[in-house]
Amino acid sequence: MIRKYAVILILGLFVLMLLPLLTELTPFQELSPVAQKYAGEGPDALGSANLVTSVVVTYRGMDTLGEVAVLFAAAAGVGFFLRRKEKRPAPGKREASALLKTGTAFLLPLILLVGVFVFTHGHLTPGGGFQGGVLIASAVVLFLFANRSASVSRTILQWTESLSGVFYVAMGALGLLLAAGFLDSRFLPPGEFGKLFSAGAIPVIYSLIGLKVGSELVGIIDNMRGGAE
Amino acid sequence: MIYVSIIGFALIIIGLYGMLTRRNIIRIIIGFSIADTGIHLMMVSIGYLKGRTAPILDKAVDQADALQRVVDPVPSALVLTAIVIGLAVTALMLAYAVRLHEAKGSLDIHDFKELKW
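To keep things clear, this report deals only with the structure shown in the data block. Note that this is a predicted model, so its numbers are computed, not measured. (Residues numbered from 1 in each chain as written. Chains lettered and ligands numbered in written order. Predicted model: local features only at pLDDT ≥ 70, side-chain atom pairs only at ≥ 80, totals over all residues. Heavy atoms only, no water.)

Turning next to the interface of chain B and chain A. Taken together, the contacts link 41 residues of chain B with 52 residues of chain A. Together chain B and chain A conceal approximately 4100 Å² of surface at their shared face, both sides included; 79% is due to carbon and sulfur atoms. Taken together, the connections running from chain B to chain A amount to 3 residue pairs in polar contact (both at pLDDT 80 or more). Looking at the side of chain B that touches chain A, the elements that each hand over two or more residues are helix H1 (2–21), helix H2 (25–46) and helix H4 (73–104) of chain B. The biggest single contributor to the side of chain B that touches chain A is H4(B), with 18 residues. (Contact = heavy atoms within 4.5 Å. Buried area = accessible area lost by both parts, 1.4 Å probe. Polar contact = N/O pair within 3.5 Å; in protein donor to acceptor, adjacent residues only side chain to side chain. Helix = DSSP H or I, 4+ residues; strand = E, 2+ residues; numbered from the N terminus.)

All names here are of chain A. Its 25 residues place the ends of helix H7 (residues 154–178) 35 Å apart at the C-alpha level, agreeing with the 36 Å of an ideal helix rising 1.5 Å per residue. The set of residues buried in H7 consists of Leu157, Glu161, Ser164, Gly165, Tyr168, Met171, Gly172 and Gly175. Elements that come into contact with the buried residues of H7 comprise helix H4 (61–81) and helix H8 (202–224). (Expected span 1.5 Å × (residues − 1). Buried < 20%, exposed > 50% of the residue type's maximum accessible area, 1.4 Å probe, protein only.)

This next bit is on a nonpolar patch on the surface. All names here are of chain A. A cluster of nonpolar residues, Met62, Val169, Leu176 and Phe182, forms a patch on the protein surface that exposes about 370 Å² of accessible area. Turning to its location among the elements, phenylalanine 182 is positioned in the loop between H7 and H8. For phenylalanine 182, a relative accessible area of 32% puts it in the partly exposed group. (Patch = residues over 30% accessible without salt bridge, like charges linked within 9 Å, V, L, I, M, F, W, Y side chains within 5 Å. Areas by Shrake-Rupley, 256 points an atom, 1.4 Å probe, with all protein chains shown as cover. Salt bridge = Lys/Arg side-chain N within 4 Å of Asp/Glu carboxyl O.)

For the structure shown, the criterion picks out 2 aromatic pairs over all chains. Here the aromatic rings of A:Phe80 and A:Phe81 are separated by 5.3 Å at their centres, their planes lie at 70°, and the arrangement is edge-to-face. Relative to B:Tyr96, the ring of A:Phe81 has its centre 4.5 Å away and its plane inclined at 50°; by these criteria the two rings are tilted. Of the two residues, A:Phe81 sits in helix H4 while B:Tyr96 sits in helix H4, which places them in two different chains. One aromatic cluster in this structure is built from A:Phe80, A:Phe81 and B:Tyr96. (Phe/Tyr/Trp six-rings, centres within 6.5 Å; stacked < 30°, edge-to-face > 60°.)

Turning our eyes to something else, we now look at the nonpolar core. Among the nonpolar cores identified, the biggest contains 42 residues, and A:Val56, A:Val78, A:Phe130, A:Ile205, A:Tyr206, A:Ile209 and A:Val213 are the most heavily contacted of them. Secondary-structure elements contributing two or more residues to this core are helix H2 (33–46), helix H3 (51–59), H4, helix H6 (129–146), H7 and H8 of chain A together with H4 of chain B. A:Ile209 has contacts with A:Thr64, A:Val68, A:Gly129, A:Phe130 and A:Tyr168, leaving out every residue within four places of it along the chain. (Core = buried A, V, L, I, M, F, W, Y, C linked by side-chain atoms within 4.5 Å.)

What follows is about helix H1 (residues 2–23) of chain A. Between its terminal C-alpha atoms H1(A) stretches 31 Å, which fits the 32 Å expected from 22 residues at 1.5 Å a residue. At A:Met17, H1(A) is deflected by roughly 35°, the largest bend along its length, and proline A:Pro20 occurs up to four residues later in sequence. Of the residues making up H1(A), those classed as buried are A:Val7, A:Leu11, A:Leu18 and A:Leu22. Of the surrounding secondary structure, the elements contacted by the buried residues of H1(A) are H1 and H2 of chain B. (Bend = angle between axes of the 7 residues up to and from the residue.)

Looking now at the side chain of B:Asp72. Note on placement: B:Asp72 falls in the loop between helix H3 (66–69) and H4. Put simply, B:Asp72 is tucked away with no salt bridge, and the nearest opposite charge, on A:Arg60, sits 8.2 Å away. A polar contact of 3.1 Å, which involves the side chain of B:Asp72, links it to the backbone nitrogen of B:Val74. When residues no more than four places from it in sequence are discounted, the contact partners of B:Asp72 are A:Leu31, A:Ser32, A:Ala35, B:Gly47 and B:Leu49. (Lys, Arg positive; Asp, Glu negative; His and termini not counted.)

Structure (structure tokens):
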């Protein structure tokens, strides 16, 4: 009974705490000063048509590096907790249906292609490394559903993940040496605005993030289906 | 955009309620995911400006009038990464749940008394 009242009390306090966000926050009429700087100078300085991408990759690049590190820590945690000491035979694996197998054979290359498109065009269209990486991981999930006995190569996964992480930090260090600061993307030529090869190092960095996020999520999936040793 | 704020607010409270009252660990994790989604919706709605469009420059949004046409890109960038981190944290919590079930053969949070006083 006390428990019930305590829950109601806690929820009431949370409502009180969050209510000002609904009642007192007047909608903004124009961009905040920070956003004005990003939206006003961003396209000229960085050459990225997608302003969200220029914020994620360059202006707040350190935050993104931190987020990638958090993702890595979570993936390592999943691998640690789901580690199996002895290899257990998987209980009753049934073959996938012909429908799923045929559908996968048709859809898998398309999903992979869309994933790569999304992270290479992160500076032009909605999307980027995180979304592209998740798309690639979803393609792998579909493949593993259709081929129950298939296994993911840990070596390739670990090398992809480590190398993309190392190159990401190396690109940041190159920005420190050749441009204004760490993760500054202006050390590569800006190119023509709105084309694929433009915006300096932003597409390169975002592709590396895409590879890293994709391989990390595939690692998590592989651990969860008991592939870890 | 006040509707999105209200939906986000409701989702946060529903998720917290689920986390506080459910006993099954999987359901607690689902409650966390619901609250997480609510927080994302609230953050996006704070960055919205009435009648404006996505912060991507193309034929529809010229670079010259971008300041008058686009919404705030900073909350969008924050939510973009927060979604992926939420996914990874959910996966980590599910891995904990698997280990807890292996240890006690139960997913009821009341069976785990080691850290209770």
